[in-house]
Amino acid sequence: SNILEIEGSNKDMNNLVTITAANGKRHFAINEANAKLTLRYVKLVGGDVSSYSDYPNKYGGSILIWQYGGELNLYSSIIDNNKAYRGGGIFSYGTVKIDGNSIIRNNEASKYGGGIAISGSLSYLRIDDNSTIINNKAGEYGGGIYASSSNLTVDNTKINNNKAGEYG
């Protein structure tokens, strides 16, 4: 299986190691059931796949988990200022676990899921442990989170000031 773990050296949320995406690209893409991406104490900024018109290129501004699945574990990290057609910050057909004061903010989707979009009966999203979904926006549905036919657990999480053109 493919496993990638990245841990920033600074644990101060105001001074995390920042990874800026290349122009017109996202940070990470996963498309394998056994693949696992674990991020700790990092900030992902500037992912922008909003100009693409084909699948899956236009999904997941910062992180994409495509149809064959995979898993994202996000701890004490920030997904900030990313753009896509669906899933401005994160788009997933797999498993996403967000913990430890993580922040999903200032992301934008022209269609669904400004902060996070998950889809499919095998998809799972869990957000916990004082995380925050804030200031994200979507053109149609789910400014903060968009979940379609998916499993979703949100506990001890702040979701505020997200906007959508129609619902959520």
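Structure: above.
Each value, and the rule that gives it
Residues numbered from 1 in each chain as written. Predicted model: local features only at pLDDT ≥ 70, side-chain atom pairs only at ≥ 80, totals over all residues. Heavy atoms only, no water. Helix = DSSP H or I, 4+ residues; strand = E, 2+ residues; numbered from the N terminus. Core = buried A, V, L, I, M, F, W, Y, C linked by side-chain atoms within 4.5 Å. Buried < 20%, exposed > 50% of the residue type's maximum accessible area, 1.4 Å probe, protein only. Contact = heavy atoms within 4.5 Å. Pairing = 2+ DSSP bridges. Axes fitted to C-alpha atoms, helices over the stretch in contact; angles between N-to-C directions.

> Which residues make up the environment of Asn14, and what are the values?
Summarising the element assignment, Asn14 is placed in the loop between β1 (3-7) and β2 (17-20). Considering only alpha carbons, one finds Asn14 and Ile78, 64 residues apart in sequence, at a separation of 9.9 Å.

> Give a description of the nonpolar core that names residues and reports values.
By size, the foremost hydrophobic cluster in this structure holds 21 residues, and its most contacted members are Leu39, Ile63, Leu72, Ile90, Ile98, Ile104 and Ile116. Contributing elements (two or more residues each) for this core: β3 (28-30), β4 (36-40), β5 (42-45), β6 (63-65), β7 (71-75), β11 (95-99), β14 (116-119) and β15 (124-127). Beyond its immediate sequence surroundings of up to four residues, Ile104 is in contact with Leu74, Ile79, Ile90, Ile98, Gly115, Ile116, Thr132, Ile133, Ile134 and Asn136. Of all hydrophobic cores here, the second largest spans five residues; its members include Tyr59, Leu64, Trp66 and Phe91.

> Describe the sheet that holds β15, listing the residues and the values that go with them.
Strands belonging to one sheet form pairs held by backbone hydrogen bonds; the direction of such a pair is parallel or antiparallel. On the basis of which strands lie adjacent, the open sheet formed by six strands has the order β1-β4-β7-β11-β15-β19 and parallel pairing. A single partner strand is all that each edge strand has here, and the edge strands are β1 and β19 (151-154). Between one strand axis and the next, the sheet turns through 5 degrees on average, direction left out of account. Here β7 runs beside β11; their pairing, made up of five bridges, is parallel. Counterpart to Glu71 in the pairing with β11 is Thr95.

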